[in-house]
Amino acid sequence: MKYLFLVFIKFMLILNLFSKEINEYKFNWYPRIIVEDDVIVFPDSSKYETYNTTGVWEDNFGNYGIMKCLVSQFISSNQEITLDGYCEANDHRNGKFWMSLKRNSFNKAGIGKSKYIFTETKYKPLKGKECPYAAQIIEGGGVFKLKCKITNDEYYILGKQND
């Protein structure tokens, strides 16, 4: 009986680990960030800037492509940031989606929310979803990681598109 109980516990742990994986959409983006002349510096050293970013992205379904964003941000004198951006992404099979980015945190790194505002083709299950993201800015670029909770049905639809 004890052996059967241990087998059952191991089975439940494995099932739990597997079920967590299939309920997440993971998206990584590696933007190149160039801030040029579009900066206003205020007397207290705070500033407002706009910039364009472009970079490659990948997800946990084997999709990849290019995403570009137009971003505006206000950086206070104590380095707190309010960021607002809009992005357009194209994948390797001409699928497209558009998302918004919002963040209130410290400059160079932080956690924000993204929202899929328009989607085409295989990305339709993501439309309207708000997902947390983490961003880390490094010299001239950055790393952006997003995780979105999705249902088993949405996971199946997103995965089926790559068959």
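Provided above is the structure to which this section pertains.
Quick caveat: nothing in here was measured; it's all calculated off a predicted structure.

We now examine the pairing of strand β4 (residues 64-75). In terms of strand pairing, strand β3 (residues 47-59) meets β4 through 12 bridges, oriented antiparallel. The residue of β4 that forms the bridge with Val 56 is Ile 66. In this structure, the hairpin formed by β3 and β4 is closed by a connection of 4 residues, where Gly 62 is found at a positive phi of approximately 85 degrees. Relative to strand β5 (residues 80-91), β4 is paired through 11 bridges, and the arrangement is antiparallel. Across the sheet, Ser 72 pairs through a bridge with Asp 84, a residue of β5. The antiparallel pairing of β4 with β5 creates a hairpin that spans 4 residues between the two strands, and Gln 79 there sits at a positive phi of about 70 degrees.

The next subject is the packing of aromatic side chains. On inspection of all chains with the given rule, the structure shows 14 aromatic pairs. Aromatic side chains Phe 27 and Phe 97 sit 5.8 Å apart centroid to centroid with 75 degrees between the ring planes, which places their arrangement in the edge-to-face category. Note that Phe 27 is positioned in strand β1 (residues 24-34) and Phe 97 in strand β6 (residues 96-106), a separation of 70 residues in sequence. For the pair formed by Phe 27 and Phe 97, the shared burial category is buried. Ring plane angle 55 degrees and centroid distance 5.4 Å describe the contact between Phe 97 and Tyr 116, whose orientation is recorded as tilted. Highlighted residues: Phe 97 in strand β6 and Tyr 116 in strand β7 (residues 109-119), separated in sequence by 19 residues. Pairwise contacts between aromatic rings join Tyr 25, Phe 27, Trp 29, Trp 57, Phe 61, Phe 97, Tyr 116, Tyr 123, Tyr 133, Phe 144 and Tyr 155 into one cluster.

Here the focus is the pattern of salt bridges. Should the charged atoms of two oppositely charged side chains come close, the side chains can pair. Tallied over the full model, the rule gives 8 salt bridges. With its nearest N and O atoms 2.3 Å apart, the salt bridge here joins Lys 102 to Asp 84. With Lys 102 in strand β6 and Asp 84 in strand β5, the pair connects residues that are 18 residues apart, well separated along the chain. The partly exposed category is assigned to Lys 102, whose relative accessible area is 35%. Residue class for Asp 84 comes out partly exposed when judged on its relative accessible area of 29%. Measuring nitrogen to oxygen at the nearest pair gives 3.3 Å for the salt bridge that ties Glu 88 to Lys 96. Residue Glu 88 is classed as partly exposed on the basis of its relative accessible area, which comes to 22%.

Before going further, it helps to spend a moment on the nonpolar core. Ranked by internal contacts, the top residues of the largest apolar core, which has 29 residues, are Tyr 25, Phe 27, Trp 57, Met 67, Phe 97, Tyr 116 and Leu 146. Beyond its immediate sequence surroundings of up to four residues, Phe 97 is in contact with Phe 27, Trp 57, Met 67, Cys 87, Glu 88, Ala 89, Tyr 116, Phe 118, Thr 119 and Tyr 123.

Right, let's talk about unusual backbone geometry for a bit. Even without glycine at this site, Asn 94 takes up a positive phi of about 70 degrees. One can find Asn 94 in the loop between β5 and β6. Among the residues examined, Asn 94 registers a relative accessible area of 67% and is labelled exposed. Its identity as a non-glycine residue notwithstanding, Thr 121 has a phi of 45 degrees, on the positive side. Locating Thr 121 in the fold gives a position in the loop between β7 and β8 (130-138). Take Thr 121: its relative accessible area is 49%, and that puts it in the partly exposed class.

Rules used throughout
- Residues numbered from 1 in each chain as written.
- Predicted model: local features only at pLDDT ≥ 70, side-chain atom pairs only at ≥ 80, totals over all residues.
- Heavy atoms only, no water.
- Pairing = 2+ DSSP bridges.
- Helix = DSSP H or I, 4+ residues; strand = E, 2+ residues; numbered from the N terminus.
- Phe/Tyr/Trp six-rings, centres within 6.5 Å; stacked < 30°, edge-to-face > 60°.
- Buried < 20%, exposed > 50% of the residue type's maximum accessible area, 1.4 Å probe, protein only.
- Salt bridge = Lys/Arg side-chain N within 4 Å of Asp/Glu carboxyl O.
- Core = buried A, V, L, I, M, F, W, Y, C linked by side-chain atoms within 4.5 Å.
- Contact = heavy atoms within 4.5 Å.

None of the figures reported here should be taken as evidence of function without further support.
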